[in-house]
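# Structural characterization, general
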Amino acid sequence: MKVAIIQLTYGNRPKDILEMNLLKAGYLNTCVFEVDREGISNALNEGIDLMLENNCDAVAFLSNDIIEPKDWLIKKVEALRTYPDAGVVASSIHEPQTEIRSELIISNWLLARSTVEKIGYFNESMFPYGPIDLDYCQRCFYAGLKTYYVIGCHSIHQGDHATGDEYGWDKQ
């Protein structure tokens with residue numbers, strides 16, 4: 001599986017986390033791109049375009065505020081290949097996962113090309129920010145696909161972004 005890794009550079013956070021995550025990916029069949037675009041959905045969709053243009057099988061999104069564990073991409077690729085009806089998988093930023101369980105997910109996603117072909121792009125009307133991940137997960141479920149946190153792939157979210165309007169949208 002060839003994976004496009006999209007480094008998302010929201011705001012003015014440093015890029016050292018992105019570089020550290022690349023070193024810990026543990027997976028070699030990749031193309032790496034940096035996307036710095038206003039509007040999170042717009043940036044994610046640019047990443048999807050890069051995946052398609054480079055004939056990749058999946059796209060991995062890396063935010064510059066999430067620290068991934070060792071071999072995170074190996075674990076996600078394996079989950080995307082083996083979890084039942086998986087369309088999107090992610091590292092958990094809450095508690096470590098101990099069982100395969102489809103649920104609404106957030107965090108650094110690995111999104112299959114076949115999922116994009118089935119349900120399309122992210123909703124750019126939620127600009128610059130909104131419940132983008134919830135919307136996409138629901139669309140996956142309606143299309144018969146599942147979304148999962150990956151067992152053994154627990155990440156750390158730097159800072160508290162659960163409140164406020166950092167991206168122009170009140171997260172409450």
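The structure displayed is predicted, hence computed values, not measured ones.

With that out of the way, let us pick up the environment of glycine 144. Along the chain, glycine 144 turns up in the loop between helix H5 (132-142) and strand S7 (146-154). Spatially, the C-alpha atoms of glycine 144 and aspartate 16 are 37 Å apart, while their sequence positions differ by 128 residues.

What follows is about the nonpolar core. If you look at the biggest cluster of nonpolar residues, it comprises 30 residues, and the most contacted ones within it are Phe61, Trp109, Leu111, Phe122 and Tyr136. Take this core: its biggest share by element is 6 residues, from helix H2 (residues 40-53). What tryptophan 109 contacts, discounting residues up to four positions off in sequence, is Val59, Ala60, Phe61, Val88, Val89, Ala90, Phe122, Asp133, Tyr136 and Cys137. In terms of nonpolar packing, the next biggest core, distinct from the first, is built from 21 residues, Leu18, Ala25, Leu80 and Leu110 among them.

Below, the discussion takes up the pairing of strand S1 (residues 3-8). Taking burial as the measure, the 6 residues of S1 include 6 buried ones, the bulk of the element. Burial of the side chains of S1 extends over both faces: Val3, Ile5 and Gln7 are buried on one face and Ala4, Ile6 and Leu8 on the other. Alignment of S1 against strand S2 (residues 30-35), held across 6 bridges, turns out to be parallel. From the neighbouring strand, isoleucine 6 faces S2, where its bridge partner is phenylalanine 33. The pairing of S1 with strand S3 (residues 58-63) spans 6 bridges and is classified as parallel. Across the sheet, the residue bridging to glutamine 7 is leucine 62, located in S3.

In the structure shown here, the tally under the stated rule is 5 aromatic pairs. Their ring planes at 75° and their centres at 6.1 Å tell us that phenylalanine 61 and phenylalanine 122 sit as a pair that is edge-to-face. Of this pair, phenylalanine 61 sits in strand S3 while phenylalanine 122 sits in the loop between helix H4 (113-119) and H5, and the two are 61 residues apart along the sequence. A ring pair is formed by tryptophan 109 and phenylalanine 122, whose centres lie 5.8 Å apart and whose planes are at 40°; its orientation type is tilted.

Note on helix geometry: an α-helix contains 3.6 residues per turn, so any two residues three or four positions apart are oriented the same way. Of the positions making up helix H3 (residues 72-82), those classed as buried are Trp72, Leu73, Lys76, Val77, Ala79 and Leu80. Projected down its long axis, H3 carries its buried residues within an arc of 165°, all on one side.

On to unusual backbone geometry. Put simply, phenylalanine 127 and proline 128 share a cis peptide bond, and its omega is 0°. Position of proline 128 relative to the elements: it lies in the loop between H4 and H5. The backbone phi angle of asparagine 55 is positive, close to 50°, even though this residue is not glycine. Turning to its location among the elements, asparagine 55 is positioned in the loop between H2 and S3. A positive phi angle is found at aspartate 85, which is not glycine, with a value near 55°. Checked against the element boundaries, aspartate 85 lands in the loop between H3 and strand S5 (86-92).

Here is what the cut-offs are and how they apply
- Residues numbered from 1 in each chain as written.
- Predicted model: local features only at pLDDT ≥ 70, side-chain atom pairs only at ≥ 80, totals over all residues.
- Heavy atoms only, no water.
- Helix = DSSP H or I, 4+ residues; strand = E, 2+ residues; numbered from the N terminus.
- Core = buried A, V, L, I, M, F, W, Y, C linked by side-chain atoms within 4.5 Å.
- Buried < 20%, exposed > 50% of the residue type's maximum accessible area, 1.4 Å probe, protein only.
- Contact = heavy atoms within 4.5 Å.
- Pairing = 2+ DSSP bridges.
- Phe/Tyr/Trp six-rings, centres within 6.5 Å; stacked < 30°, edge-to-face > 60°.
- Arc of directions from axis to C-beta.

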